[in-house]
Amino acid sequence: MALMRITSPHAHGPMSTSKVMLNVLLATIPGIVVLTHFFGFGTIVNILWGSVVAVACEALALKLRRRPLGFYLKDYSALVTATLLCVALPPYSPWWLIAVGIASAILLSKHLYGGLGYNPFNPAMVGYVILLISFPVQMTAWAPPRGVGELPGLMQALQACFTPAAFDGATMATPLDLLKQNNSLLVKDLWQQSPQFGRWAGIGWEWANLAFLAGGAWLLYRRIFTWHAPLAMLAGLALMAALFNDGGSSASGGSPLFHLLSGATMFGAFFIVTDPVTSAVSVRGRLIYGAMIGILVYIIRVRGNYPDAVAFAVLIMNFAAPFIDYYTQPRTYGHQRGEGEE
Amino acid sequence: MRKVFGFHGGIHPPENKHQSVRTPIADAGIPPQLIIPLSQHIGAPAVPVVAVGDVVLKGQLIAEPEGFVSVPLHAPTSGTIVAIEERQIAHPSGYQAPCIVIASDFNDEWIPHSGTGDYRDLDKAQVIERIRAAGIAGMGGAGFPTAVKLSVREGVKIDTLIINGTECEPYITADDILMRERATQIVAGTLIMQQLIEPSATLIGVEDNKPEGLAALRSAAEGTAVEIVEFPTKYPSGGEKQLIEILTGKQVPSGGLPADVGVICQNVGTAVAIYDAVVLGRPLISRITTVTGEAVAQAQNFEVLLGTPMSYLLELAGYQPQESRRLIMGGPMMGFTVPSPDVPIVKTTNCLLAPTEKEFPTPAPAQACIRCGMCAQVCPASLLPQQMFWFAQGKEFEKLENHNLFDCIECGACSWVCPSNIPLVQYYRASKAEILQLRRDNEKSEQARIRFEARQERLAAAEEEKEAKRAARKKAAEERAQQAAADGGEEDPIQAAIDRAKAKKAAQVTGSADESELEKLEKAVVTTRKRLETASGKLAQARDQGSDLVQALQTGVDKTRAKLDAAEKALHDYQQANSDAPMAKAAPTDAAQAAIEKAMAARSAEAALSPAEKARAQLGKLQQRLEKSRAKLAESRDSGAEDKIIEALESTVERLSEKIAAAEQELQATEGA
C-alpha cells in the first residue's frame, strides 16, 4: 500500500468549530433558564421556532450556493445565530417577527457575504436591528417579570408565537426605559415607585445578566475566547457610567452596577462582542474593540433614542474592526516595535 | 537559580513520550546494505572518494566535503562499495539523490583511529578541524555543519553557549534517553565546545518533563562550569529562537543569527558526537533514533548506523505495515512523511513515527476560518496566522511579507489548534516558496531589463550618429549643387579637393600595401631560417645523445626547411613582379608625391573638358557605382547577410542616389547655361 504523503503537522488538537459552537450554545443555558424563570416560556418558544427557521434558511442558502448541506450544517453556526437573536428578542414575539429576523441574519448578513467566516457584521445583531427599526412596537413590548405581572403558561406562549392575534399578554417598560424616560424623579424615588426594579437593577434582568456572566466565565475557562474584548467592554461601560453618575439626580444616567446588570450587557459582552468573525483579532485590537463598544453602549443608552444599545454599538464597531486590526499588529519575534507597520 | 523567561504562545499537545523510554537504547546492529546519501546536512553535498568495488573499513572516509559549508562522510561499517547512484532518500519532496551504497561484510572492522583525551593541549583550529573531519552536522534536525557554527567570526563575542536538550516535539525521546544514559559524554562534549567558544555562561536547557535526564545531567555536570537549566514544558520550547528567549530573554533579530545576540546553540546529540570525535577519534557514523507510534509493537530508541534502511529498523521494532498509512521522519508537529520505508536513516533522523489511522486520522476537510484567533494566541513568533491565511489564499504576497511571513518557523502550533482544521502551515510554506520563486524571477527579469535597455541605448546612439552623418552629407550635396548652379561652368574647387584627397589616399594605400607585403615576406624568410637553424642544432644534439626524439626532430627539420624554401620562393616572385613597377611610376620619391602628381594629371585632363562634359562624365561614374552598390545590396539581402552590412549598403545606395540627383541638377544647370 502506498504511503500517505501529507505535510506537517500530523497531530491535531481537540478543538473543532462545531465544538466551539456547541460550547457557546451550552453556555447560553443558564441565562435562558433565568429568563424563563422570570419572564416565562416566551424565550424558549422564540429559540425553538427561531432554530427551525434558521436551519431552513441555512439549508436553502447552502443549496442555492451549491454547498454540501451536511458538512456545513454540522458546524452549528446557524443554531448559534438563532439562539443569540431569539434570546435578545422580547419573549412572546410573533412567529413572523422571529422569521423575518432570522432570515435577515442568516440570508442577508451571513450568506450574501459568503457564509460563515466571511460576514463583516454580526448576523444576530443585524437581524435584531432590522427588526427594531422595522417593527419598533413589537420589539419594545417586553413582558413584566415574575412577581410584578401575571406570567403566561407554556400553551399561552405557543399561542403568542403562532396565533399572535389571539394572544393578549401584558407588557411593561423595562428598567432601562424607565430610567431613560424619567426626568422628574430622583433615582432613589424612581426605584421606589416602579415595581420593576430589584436589588441592583431590574427584577429578573439582574439575575439574567449574572447568569450570562456565569456562562461567559465558563467559556473563558474553556478557552473558547480570550478575556480581552468582553472585559474591555464591561470596563468601558462601567467607566462611562462612573464618570457620568451624578449620585442619583433625575438626570442621572444610572450607576455602573445598574448598567452592568441591565439589558443585554453581560449577554452582549460574552456572546456578541466575542463573536470572532466580526471582531478584531489581535490582543490590543480586542481591547480597543471591546472598550469602544462599552463606551458606545453607554452613550446610546443614555443619549440615544433606543433604550438598549448593544446591537448598535456592536455593529458600529464591526465596521471598525478591520481598521483596528490593521493598526494593532503584534510585534513579531525578532522585530522592533513599529517595524513593518507602514 | 537562573531566571527563566517565557515566550509568546505555544501549545501542550499530548506528549506520548513514555512509550519509547521504557527500555534502554538498543543496538540496531548491521543491516546487509547501507545507503549513505551524499547530502545529509545543510550545504554542498559531499564528493565521493571511493569507487564501486572498493573495500572500505568502518570509519573510513568515503566522501569529502565540498567547500566550507559541507561535511565529510564515513563508512558506518566495513564492507564493499556496491553502487554510487541515485536512490530515494528521506526528503519532504520525496526525490532521489546520489548515495553511496555499501554491502556490509558483517565484520564491522574499524579503520585505525585515535582520539585525544587531552584536547586542552590542542589549539582551537585543531579541535575544530577534528570536528569537521568527523562529519558532524547538527543532530537536532536541521543538520547545519557543526564546525562552521563553532568557528566564531573575528570580533563576535559569544557570551552564552546553549546546549539544547529540550526535545519539545511529542513522541521523540532520542535526546531524553541520551541524557539519561550518556549524560557524562554530553557534559564532556559541552566542555569541548566551551573551550572553543569561551562563553561566560554554558547552559544545558531541558524541559521539566524529563526529570531522569535532568538528574543525570546534574550529577554529570557537578563541579564543572556547565549549568543545567530546567524550564516548563511547552511546545515549541526547543525551537532555537524560543530556547534562546527562554534562557536569555533575548530575541534573535529577524533574519539574523543567534550569534547576533551573543548565543550559539547546539543539540545534546551533537555534544556527544563532538566527544566521540575529539576524545575517541570516531567519526559520526551512527545516531540515536526513536522508533515509535502505535503501528510498532515495541516503541524504543535504537543506536543505528547511518544509512540503515528505515524498513530494517522498523522491523526490529515490530512494525505492522497494515496498521499504518503514513511514515513520518521526525515528530508529529514538524516531521515529514517519507515516500517509502526503504529510505535510509541519516544524520538528522531523530525519530521514525509510524502512527495508526486512529492515532493520526486522515485530516478532515477544512471548514471556514471563523477568525477565532486561537492560532494567533499560540504562535511563538507572535504572528497573525489567520490574517496570513487570508492573504495566502488571495496570493497577496506583499501583505504576507508585511505580516512577516518569513518569521514563521513552521512549528505547526497554529494548525494544531485550528478548530476549522485549516492546514495553515501548508499555506505558509507554499506562499514562501512562491515568493522566493518570484524574487528569483524578478531578479532575472531585472537583469534582462538592464541588458535590454543598454542595448536599446547603444542602438539609438548608433542610429543618431548615422542620421547626423546622413544629414551632413545631404547638406553638403545640396550646397555643392547650389554652388555648381551658381558657379555655372566654373571649376568646382570642393570637388577638386575631394578628388585630390581621394587620390592621395588611394596612392598611400597601394604604397603601404606594397611595402608591408615585401616586409612580411622578408621577415618570414628570416624567421623560418632562424627556426631551421635552432631545429637543426637540436637534431644534431639529439643524434649525439642517441635520443628517442631524433625521428620526431628530423621530421620537424624537414618541414621547416620546406617552409623556408616556400618563403624564399614567394619573396623572389614578389620582387620579380615588382621590379619594373617603380620605373613605370616615374620614380616618385614617395607614394604621396605620386598621388599628387596623378591627381594633377587627372586635373589637367579634366580641365581640358568642357563643364558639361565633365558633369556628364561624373554622372556616368556615379551611375555605375550606384548600379554596383545596388547589385551588392540585393546579393547581401538574398544571402541573408548581417543587418549591419545590409544597412551599410543601403546607406551607400542612398548616398549615391543623392549624389546622382545632385549631379543631374548640376548637368542641367551647365547645359542650361
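Being a predicted model, the structure only gives us computed values, none of them experimental. (Residues numbered from 1 in each chain as written. Chains lettered and ligands numbered in written order. Predicted model: local features only at pLDDT ≥ 70, side-chain atom pairs only at ≥ 80, totals over all residues.)

So, the overall build of chain A
So, point 1. In terms of regular secondary structure, chain A is built from 17 helices and 0 strands.
So, point 2. Taken against the 2.2 N^0.38 rule, which gives 20 Å for 342 residues, the C-alpha radius of gyration of chain A at 21 Å falls within 12% of a compact globule.
So, point 3. The principal-axis extent of the C-alpha atoms belonging to chain A is close to 75 × 50 × 30 Å.
So, point 4. The proportion of buried residues among the 342 residues of chain A is 53%.
So, point 5. Excluding contacts between residues fewer than 6 apart, the proportion of contacts in chain A whose partners are at least 24 apart in sequence is 75%. (Helix = DSSP H or I, 4+ residues; strand = E, 2+ residues; numbered from the N terminus. Rg over C-alpha atoms; globule rule 2.2 N^0.38 Å. Buried ≥ 20, exposed ≤ 12 C-beta atoms within 10 Å, placed from the backbone. Contact = placed C-beta atoms within 7 Å.)

Points about the overall build of chain B
So, point 1. What chain B contains, in helices and strands, is 19 helices and 17 strands.
So, point 2. The globule rule puts the C-alpha radius of gyration for 673 residues at 26 Å, and the 43 Å found for chain B is more than 25% above it.
So, point 3. Dimensions along the principal axes, computed over C-alpha positions, put chain B at roughly 125 × 85 × 55 Å.
So, point 4. By residue count, 41% of the 673 residues in chain B fall in the buried class.
So, point 5. Across chain B, the fraction of contacts at a sequence separation of at least 24, relative to all contacts at a separation of at least 6, is 72%.

Re the nonpolar core
So, point 1. Among the nonpolar cores identified, the biggest contains 133 residues, and A:Leu85, A:Met125, A:Val314 and B:Val417 are the most heavily contacted of them.
So, point 2. With 106 residues, the next largest nonpolar core counts B:Ala46, B:Leu178, B:Ile246 and B:Tyr275 among its residues. (Core = buried A, V, L, I, M, F, W, Y, C linked by C-beta atoms within 7 Å.)

Some words on the packing of helix α12 (residues 205-221) of chain A against helix α15 (residues 265-272) of chain A
All names here are of chain A.
So, point 1. Axis separation between α12 and α15 bottoms out at 8 Å; the angle between their running directions is 20°. Viewed along their axes, α12 and α15 adopt a mutual orientation that is roughly parallel. Here α12 runs over α15; the crossing is left-handed. On α15, the residues that touch Asn-209, Phe-212, Leu-213, Gly-215, Gly-216 and Leu-219 of α12 are Thr-265, Met-266, Phe-267, Ala-269, Phe-270 and Phe-271.
So, point 2. Here the residues of the contact of α12 with α15 are counted per class, giving 8 nonpolar, 4 polar and no charged. (Axes fitted to C-alpha atoms, helices over the stretch in contact; angles between N-to-C directions. Parallel < 35°, antiparallel > 145°, perpendicular 65-115°, else oblique. Left-handed = near helix turned anticlockwise from the far one by under 90°. Nonpolar A, V, L, I, M, F, W, Y, C, P; charged D, E, K, R; others polar.)

Topic: the interface of chain A and chain B
So, point 1. Listed as interface residues are 33 residues of chain A and, on the opposing side, 52 residues of chain B.
So, point 2. Grouping the amino acids of the side of chain A that touches chain B by side-chain chemistry returns 13 nonpolar, 16 polar and 4 charged.

Some points on the sheet that holds strand β9 (residues 160-164) of chain B
Adjacent strands of a sheet pair through backbone hydrogen bonds, lying either parallel or antiparallel.
Residue and element names in this part refer to chain B.
So, point 1. Pairing within the open sheet is parallel, and its 4 strands lie in the order β11-β10-β9-β12. For this open sheet the edge positions go to β11 (226-231) and β12 (263-267), each flanked by a neighbour on one side alone. On average, each strand axis in the sheet is inclined to that of its neighbour by 25°, with strand direction left out of account.
So, point 2. For β9 and β12, the ladder comprises 5 bridges, and the chain directions are parallel. Residue pairing for β12: Ile-163 is matched across the bridge by Gln-266.
So, point 3. In the packing of helix α5 (residues 211-221) onto the sheet, contacts are made with β10 (201-207) and β11, and the angle to β11 comes to roughly 160°.
So, point 4. Packing of helix α7 (residues 268-280) onto the sheet brings it into contact with β9 and β12, and relative to β12 it is tilted by some 80°. (Pairing = 2+ DSSP bridges.)

Concerning the pairing of β11(B)
Residue and element names in this part refer to chain B.
So, point 1. Here β10 pairs with β11 via 6 bridges, running parallel. The residue of β11 that forms the bridge with Val-206 is Glu-230.
So, point 2. Handedness of the crossover is the feature at issue here: the chain leaves β10, passes through α5, returns alongside β11, and the resulting connection is right-handed. (Right-handed = clockwise from strand over helix to strand, strands pointing away.)

Some remarks on helix α2 (residues 29-39) of chain A
All names here are of chain A.
So, point 1. Of the residues making up α2, those classed as buried are Gly-31, Ile-32, Val-34, Leu-35, Thr-36, Phe-38 and Phe-39.
So, point 2. Considering only its buried residues, α2 is in contact with α3 (42-64), α5 (77-88), α12 and α15.
So, point 3. Following α2 by one or two positions, Gly-40 adopts a phi angle in the positive range, close to 90°.

As for helix α6 (residues 240-248) of chain B
Residue and element names in this part refer to chain B.
So, point 1. In terms of burial, α6 is largely enclosed, as 9 of its 9 residues are buried.
So, point 2. Glu-240, Lys-241, Gln-242, Leu-243, Ile-244, Glu-245, Ile-246, Leu-247 and Thr-248 are the residues of α6 that are buried.
So, point 3. The secondary structure elements touched by the buried residues of α6 are β9, β10, β11 and β12.

Structural notes on the domain arrangement of chain A
Residues and elements named next belong to chain A.
So, point 1. Partitioning chain A into structural domains gives domain 1 (16-172) and domain 2 (173-328).
So, point 2. Centre-to-centre, using C-alpha coordinates, domain 1 lies 21 Å away from domain 2.
So, point 3. Opposite the 32 residues of domain 1 that make contact, domain 2 presents 30 residues.
So, point 4. A total of 7 residues in the side of domain 1 that touches domain 2 trace back to one element, the largest contributor, which is α2.
So, point 5. Looking at the side of domain 1 that touches domain 2 residue by residue, the classes come out as 24 nonpolar, 7 polar and 1 charged. (Domains from an automatic or database assignment.)

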